[in-house]
There are 2 protein chains.
Amino acid sequence: MTRRDLLALSTLPLARAARGQGPEVRPNFIFIMADDMGRDELGCYGQKLIRTPHMDRFAAEGLRFTDCYAGASVCAPSRSVLMTGQHTGHTTVRANASRRTGGRVALRTEDRTVAEVLKGPEWRGAFDEERAYATGIFGKWGLGEPGSTGLPNDHGFDEWFGFLNQQHAHNHYPQYLWRNRTREPLRGNRDGAKREYASDLFLREALHFIDRHRYEPFFLYFTPTIPHAAFESPELGEYAGQPWPEEHKHYAAMVTRFDTAVGRIMARLKETGLDDNTLVFVTSDNGGASNFAPFASMGPLRGRKGSITEGGLRVPMLARWPGKIRAGGVSALPWSFQDVLPTMADLAGARGIPSNVDGISIAPALLGKEQNAERPLYWEQFSGPGFEQAVRLGRWKAIRRGLQAPVALYDLEADIGEAKDVAAAHPGVVKRITEYLAVCRTESAEYPVARPWRG
Amino acid sequence: MTRRDLLALSTLPLARAARGQGPEVRPNFIFIMADDMGRDELGCYGQKLIRTPHMDRFAAEGLRFTDCYAGASVCAPSRSVLMTGQHTGHTTVRANASRRTGGRVALRTEDRTVAEVLKGPEWRGAFDEERAYATGIFGKWGLGEPGSTGLPNDHGFDEWFGFLNQQHAHNHYPQYLWRNRTREPLRGNRDGAKREYASDLFLREALHFIDRHRYEPFFLYFTPTIPHAAFESPELGEYAGQPWPEEHKHYAAMVTRFDTAVGRIMARLKETGLDDNTLVFVTSDNGGASNFAPFASMGPLRGRKGSITEGGLRVPMLARWPGKIRAGGVSALPWSFQDVLPTMADLAGARGIPSNVDGISIAPALLGKEQNAERPLYWEQFSGPGFEQAVRLGRWKAIRRGLQAPVALYDLEADIGEAKDVAAAHPGVVKRITEYLAVCRTESAEYPVARPWRG
């Protein structure tokens, strides 16, 4: 495979979308994303202790992906990849903090999100209202602080309610949340009271959004902040009587609360008659963080949130679309959040997909057609002075911990736990991946790598 | 009674509010107002054909007023009186159209609504957030067009969804509604489809408002556009099989739909635990308009919407506040929409009640205490070149059709139908009322009376 081939794989044509043609009836999209929920915390991925009946039913009615990857192993860059369709070697927000300033990095005005793409190329002005999607995000954003260029309402979302800031989101009973450009006080949480659980409010808004936009195509991005720390659930429910540490009970209750929210949304889709025309995804923004041993949150995967190994990157991913996606399927297609934008754009017949998108449409895989699985997926991450890169290519997983470091290679088919570096035995694969690493990223002023890090 | 006495009656001190003291826990207020619903269309007022079980139960749990009056006999001025606490001799919007321009008149910037008063005196700037009410209006406004000084969001309402314009409101399946300062398209009504019934959307927003503001004091003004013409209900329900004209079936279904909305709101109050701390009013903006004979919408009252006789002005009025308002009471106290602002302000302990308010607090009557019923209530209205005035004073109702016309006097205790002018027999009463008429109003440039009308 030449360098040209590798590049071509990253920019597969989106044939239908490129022709500017769309389906007769544009589907609705609901992207439901948990916060720090490990892949194997779902019953349908093998969980035994935490109950997730709604997601299990969802999986039985849809398609379950075993090899889907988040945009990154931590929050902000993963969401940046999701929104822009660019991997962490290109997207604007590549880490939770800038290496240059230590502060947060915001999406730039010129970054175009999946919401903007669904709105249409001229959405900022008089866009094609007849074809435009109604768009809403309820939960955590993480890609722009007040006053920055990265606010949801400036990036294609008509409606926004939630946490702009990830630190703010670590409190499930906040004093306020953002509603569009205004701080909305949550008086139920005043003076130490804990009466307004943020993720419950996000669900309420999401349901209201569905009600209000049922007669037009919509994109709902529902991203509650559970089961992220603090591990605190309003009720322990079925776990109250378990002989577990309190923290474990709360954690399990948070996962089940997320599951219940999924169930509420699916019920509302049925009530409103939207079930058949709505493609729903359920996933998590990165690997599980808590990793409480009894829950085996990442199953056999190595590492957890923050790791560039599979446990940090792989996430649960379910997709359901009655009549379009075959029920009960399981797919081992490797794909990642970079593919969400092109996939939705493809299915919506949206024009104006930015040329800098790294992802491809996985609509064929969703719809049960042939899809070429042999393309590289890329991640990079920053930790102190460190710089780590990873590539997934077919059965192979490569990790490089520094630009000059050797490439470690793992055969995921034989070694899902990434225990044994087999680079020496596969020089051809290492060469292909090394060539790809040479071209797959651009340097970012916010996260300098090539220059010595001044810490 | 001297002229001074009469004036004093119009400006009774609001003792507690004037001291700037408020209750420990400020009550929520919900003001539910139907559109053109006649007083006697409710079962609790004697209706036999139209079913209103929720309002009947509401009345049994609260207080039912037999002698409550709208602000005017038509829409816009009645709402202006409600919002400003000034009767039609002082309030800014005194008719559905200006006599000067033929166009609509908007509230002026300096007009202060009940929502502004509840917000507190400095609400436009950094008001006392801790004491401020959350305020929302869902339904019909009618007191300002886009670009005018009369928009709800400029008059104390945090949240607004509905019809600004009354003509627009005559279509129950509109192409758009206003959400705050933005037109929100209703795509369910596109291309002739009728899937989004405006008053159902108002209910949805009202319930969402209650959910979101349950932990802070709120003022919800819920003013759907039923049973106003066009007479069109999404379902005929229990009336489908009646041997009535279609229009009558639709009309009855609209009243019952309003009743169901009242029931939904009351149920939500119970679910959210707000029942005990919420004072709810149910009323109508003026007399019934349709007056379909079988329904006897105004019972024994004379006239209907547009009439200055009792049938145009008297409205159903129920008030419910568990533990505060005695259940099952009936009051014959004459009062009117001008009293709503001072009453709510009184109960909320709000400061900054405008000195130009005509109404008084009827909190004593609500709470079962003594209330002086002997004060004049005033209305004026314009119809072509005509000018009509009415005064209710105790048992008496006076009508004058022109500044120089004689005062006609009716004894409502003996003659609820205003059939017999008894002015000649009661010169003292006529003199008192004539003196009051000389001082109770100011001239408005929009509705000139004193000068000859130029048509």
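What you are looking at is a predicted structure, and each value in this text was computed from that prediction instead of being measured.

## Some words on the overall build of chain A
Stage number 1. Secondary structure assignment for chain A yields eleven helices and 16 strands.
Stage number 2. For chain A, whose C-alpha radius of gyration is 21 Å, the value lies close to the compact-globule estimate of 23 Å for 455 residues.
Stage number 3. Along the longest, intermediate and shortest principal axes, the C-alpha atoms of chain A span 60 × 55 × 45 Å.
Stage number 4. The burial tally for chain A puts 62% of its 455 residues in the buried class.
Stage number 5. Sequence separation of at least 24 residues holds for 67% of the intrachain contacts in chain A that already meet a minimum separation of 6.
Stage number 6. With the model as given, the accessible surface of chain A reaches about 16500 Å², and the carbon-plus-sulfur share is 51%.

## Section: helix H7 (residues 246-271) of chain B
All names here are of chain B.
Stage number 1. Spanning 26 residues, H7 covers 37 Å between terminal C-alpha atoms, matching the ideal 38 Å at 1.5 Å per step.
Stage number 2. Within H7, 19 of the 26 residues are buried, which leaves the element mostly enclosed by the surrounding structure.
Stage number 3. Two residues or fewer past H7, Gly-273 is found with a positive phi of approximately 75 degrees.

## Re the interface of chain B and chain A
Interfaces are often sized by the accessible area lost when the parts come together.
Stage number 1. Contacts between the two partners involve 19 residues from chain B and, on the opposite side, 19 residues from chain A.
Stage number 2. Applying the counting criterion to the chain B and chain A interface returns two salt bridges.
Stage number 3. One salt bridge in this structure joins Glu216(A) and Arg187(B), with 2.6 Å as the shortest N-O distance.
Stage number 4. Counting the contacts that link chain B with chain A gives ten residue pairs in polar contact (both at pLDDT 80 or more).
Stage number 5. Looking at the side of chain B that touches chain A, the elements that each hand over two or more residues are strand E7 (182-185) and helix H6 (198-212) of chain B.
Stage number 6. Considering each element in turn, the side of chain B that touches chain A owes the most residues, five residues, to H6(B).
Stage number 7. Within the side of chain B that touches chain A, the residues separate by chemical class into four nonpolar, two polar and 13 charged.

## Description of the packing of H6(B) against H7(B)
Residues and elements named next belong to chain B.
Stage number 1. Relative orientation of the contacting elements H6 and H7 amounts to 10 degrees, with a least axis distance of 10 Å. By the angle between their axes, H6 is roughly parallel relative to H7. On H7, the residues touching Asp-200, Leu-203, Ala-206, Leu-207, Ile-210 and Asp-211 of H6 are Arg-257, Ala-261, Arg-264, Ile-265, Arg-268 and Leu-269.
Stage number 2. Residue composition of the contact of H6 with H7, by class: seven nonpolar, no polar and five charged.

## Looking at the relation of the copies chain B and chain A
Stage number 1. In the superposition of chain B on chain A (RMSD 0.0 Å, axial shift 0.0 Å), the rotation amounts to 180 degrees. Taken together, the rotation and translation relating the two chain copies correspond to the operation of a two-fold axis. Relative to the rotation axis, the C-alpha of His208(B) is the closest in chain B, positioned 3.9 Å from it.
Stage number 2. When the interface residues of chain B are mapped onto chain A, 100% of them again fall at the interface, so both copies present the same face.

## A look at the packing of aromatic side chains
Residue and element names in this part refer to chain A.
Stage number 1. One pass over the full model with this rule turns up 54 aromatic pairs over all chains.
Stage number 2. Look at Phe-31 and Tyr-221: their rings are 6.3 Å apart centre to centre, the planes differ by 70 degrees, and that puts the pair in the edge-to-face class. You can see Phe-31 sitting in strand E1 (residues 28-34) and its partner Tyr-221 sitting in strand E8 (residues 218-223), a full 190 residues away along the chain. With respect to burial, Phe-31 and Tyr-221 carry one shared label: buried.
Stage number 3. Summarising the aromatic geometry, the rings of Phe-219 and Tyr-221 are spaced 6.4 Å apart at their centres and angled 5 degrees between planes, so their arrangement reads as stacked. Residues Phe-219 and Tyr-221 agree in their burial class; the two are buried.

## Topic: the sheet that holds strand E5 (residues 159-163) of chain A
Residue and element names in this part refer to chain A.
Stage number 1. As summarised here, the arrangement of the ten strands in space is E7-E6-E5-E4-E8-E1-E9-E10-E2-E11, forming an open sheet in which the pairing is mixed. Because the sheet does not close on itself, it has two edges, and the strands there are strand E7 (182-185) and strand E11 (329-331). Neighbouring strand axes in the sheet, compared pairwise and without regard to direction, differ in orientation by 15 degrees on average.
Stage number 2. In terms of strand pairing, strand E4 (residues 134-140) meets E5 through five bridges, oriented parallel.

## Comments concerning the pattern of salt bridges
Pairing between side chains of opposite charge can happen when their charged atoms approach one another.
Stage number 1. The tally for this structure, following the rule as stated, stands at 74 salt bridges over all chains.
Stage number 2. We note a salt bridge from Asp411(A) to Arg395(A), for which the minimum N-O separation is 2.8 Å. Linking Asp411(A) in strand E16 (residues 407-411) with Arg395(A) in the loop between strand E14 (386-393) and strand E15 (396-400), this pair joins segments that are 16 residues apart in sequence.
Stage number 3. The class for Asp411(A) is buried, based on a relative accessible area of 11%.
Stage number 4. In this structure, Arg212(B) and Glu159(B) form a salt bridge, with 2.5 Å as the shortest nitrogen-oxygen distance. Residue Arg212(B) is found in helix H6, and its partner Glu159(B) is found in strand E5 (residues 159-163); the two are separated by 53 residues along the sequence. The residues Arg212(B) and Glu159(B) share a single accessibility class, namely buried.
Stage number 5. Within the structure, one salt-bridge network assembled from shared partners comprises Asp67(A), Glu310(A), Arg314(A), Arg392(A), Lys397(A) and Glu418(A).

## Overview of the side chain of Thr272(B)
Residue and element names in this part refer to chain B.
Stage number 1. Tracing the chain through its elements places Thr-272 in the loop between H7 and strand E9 (278-284).
Stage number 2. Note on Thr-272: relative accessible area 10%, which makes it buried.
Stage number 3. The residues contacting Thr-272, other than those within four sequence positions of it, are Ile-210, Asp-211 and Arg-214.

## Comments concerning the side chain of Glu388(A)
Residues and elements named next belong to chain A.
Stage number 1. Mapped onto the fold, Glu-388 is located in strand E14.
Stage number 2. A polar atom in the side chain of Glu-388 sits 2.4 Å from the side chain of Arg-401.
Stage number 3. Beyond its immediate chain neighbours, meaning those up to four positions away, Glu-388 contacts Ile-308, Trp-379, Glu-380, Gln-381, Arg-400 and Arg-401.

## A few points about the packing of helix H6 (residues 198-212) of chain A against H6(B)
For any two helices packed against each other, one specifies the inter-axial angle together with the distance between the axes.
Stage number 1. At a minimum axis distance of 12 Å, the contact between H6(A) and H6(B) shows a crossing angle of 175 degrees. By the angle between their axes, H6(A) is roughly antiparallel relative to H6(B). Between H6(A), through Arg204(A), Glu205(A), His208(A), Asp211(A) and Arg212(A), and H6(B), the contact on the second element is made entirely by Arg204(B), Glu205(B), His208(B), Asp211(B) and Arg212(B).
Stage number 2. A class-by-class count of the residues in the contact of H6(A) with H6(B) yields no nonpolar, two polar and eight charged.

## A short note on helix H3 (residues 53-61) of chain A
Stage number 1. Of the positions making up H3(A), those classed as buried are Met55(A), Phe58(A) and Ala59(A). Buried residues of H3(A) fall within an arc of 100 degrees about the axis and therefore sit on the same side.

## Here's the deal with the confidence of the model for chain A
Residue and element names in this part refer to chain A.
Stage number 1. Summary statistics for chain A give a mean pLDDT of 91 and a share of 91% for residues scoring 70 or more.
Stage number 2. Here residues 1-22 scores under 50 on pLDDT; set against residues more than four positions off or in separate chains, the count is 38 contacts.
Stage number 3. Residue range residues 124-128 is modelled with pLDDT below 50. Its contacts to residues more than four positions away, or to other chains, number nine contacts.

## Overview of the sheet that holds strand E15 (residues 396-400) of chain B
Residue and element names in this part refer to chain B.
Stage number 1. Pairing is antiparallel in the open sheet, where four strands are placed in the order E13-E14-E15-E16. Two strands bound the open sheet, and with one partner strand each, they are strand E13 (376-383) and strand E16 (407-411). With direction set aside, neighbouring strand axes in the sheet form an average angle of 15 degrees.
Stage number 2. Of the pairings in the sheet, the one linking strand E14 (residues 386-393) to E15 comprises five bridges and is antiparallel in character. Within E15, the position partnered with Leu-393 by the bridge is Trp-396.

## As for the pairing of E14(B)
Residues and elements named next belong to chain B.
Stage number 1. In terms of burial, E14 is a largely internal element, seven of the eight residues being buried.
Stage number 2. Turn length for the E13-E14 hairpin, with the two strands adjacent in sequence and antiparallel, is two residues, and the turn residue Gly-384 shows positive phi of about 55 degrees.
Stage number 3. Counting the residues in the hairpin turn of E14 and E15 gives two residues, including Gly-394, whose phi is positive at 60 degrees.

## Quick word on the environment of Leu143(B)
Stage number 1. Structurally, Leu143(B) is set in the loop between strand E4 (134-140) and E5.
Stage number 2. Excluding anything up to four places from it in sequence, Leu143(B) contacts Ala76(B), Arg79(B), Ser80(B), Met83(B), Val93(B), Val105(B), Ala106(B), Leu107(B), Gly150(B) and Leu164(B).

## Details of the environment of Val407(B)
All names here are of chain B.
Stage number 1. Of note, Val-407 is situated in strand E16.
Stage number 2. In the structure, Val-407 is positioned 40 residues away from Leu-367 in sequence and 35 Å away in space, judged by C-alpha atoms.
Stage number 3. Those residues within four positions of Val-407 in sequence are excluded, and the remaining contacts are Ala-398, Ile-399, Arg-400, Asp-421, Ala-423, Val-430, Thr-434 and Leu-437.

Rules and cut-offs
Residues numbered from 1 in each chain as written. Chains lettered and ligands numbered in written order. Predicted model: local features only at pLDDT ≥ 70, side-chain atom pairs only at ≥ 80, totals over all residues. Heavy atoms only, no water. Helix = DSSP H or I, 4+ residues; strand = E, 2+ residues; numbered from the N terminus. Rg over C-alpha atoms; globule rule 2.2 N^0.38 Å. Buried < 20%, exposed > 50% of the residue type's maximum accessible area, 1.4 Å probe, protein only. Contact = heavy atoms within 4.5 Å. Areas by Shrake-Rupley, 256 points an atom, 1.4 Å probe, with all protein chains shown as cover. Expected span 1.5 Å × (residues − 1). Salt bridge = Lys/Arg side-chain N within 4 Å of Asp/Glu carboxyl O. Polar contact = N/O pair within 3.5 Å; in protein donor to acceptor, adjacent residues only side chain to side chain. Nonpolar A, V, L, I, M, F, W, Y, C, P; charged D, E, K, R; others polar. Axes fitted to C-alpha atoms, helices over the stretch in contact; angles between N-to-C directions. Parallel < 35°, antiparallel > 145°, perpendicular 65-115°, else oblique. Least-squares fit on C-alpha atoms with pLDDT ≥ 70 in both. Phe/Tyr/Trp six-rings, centres within 6.5 Å; stacked < 30°, edge-to-face > 60°. Pairing = 2+ DSSP bridges. Arc of directions from axis to C-beta. pLDDT = per-residue confidence, 0-100.

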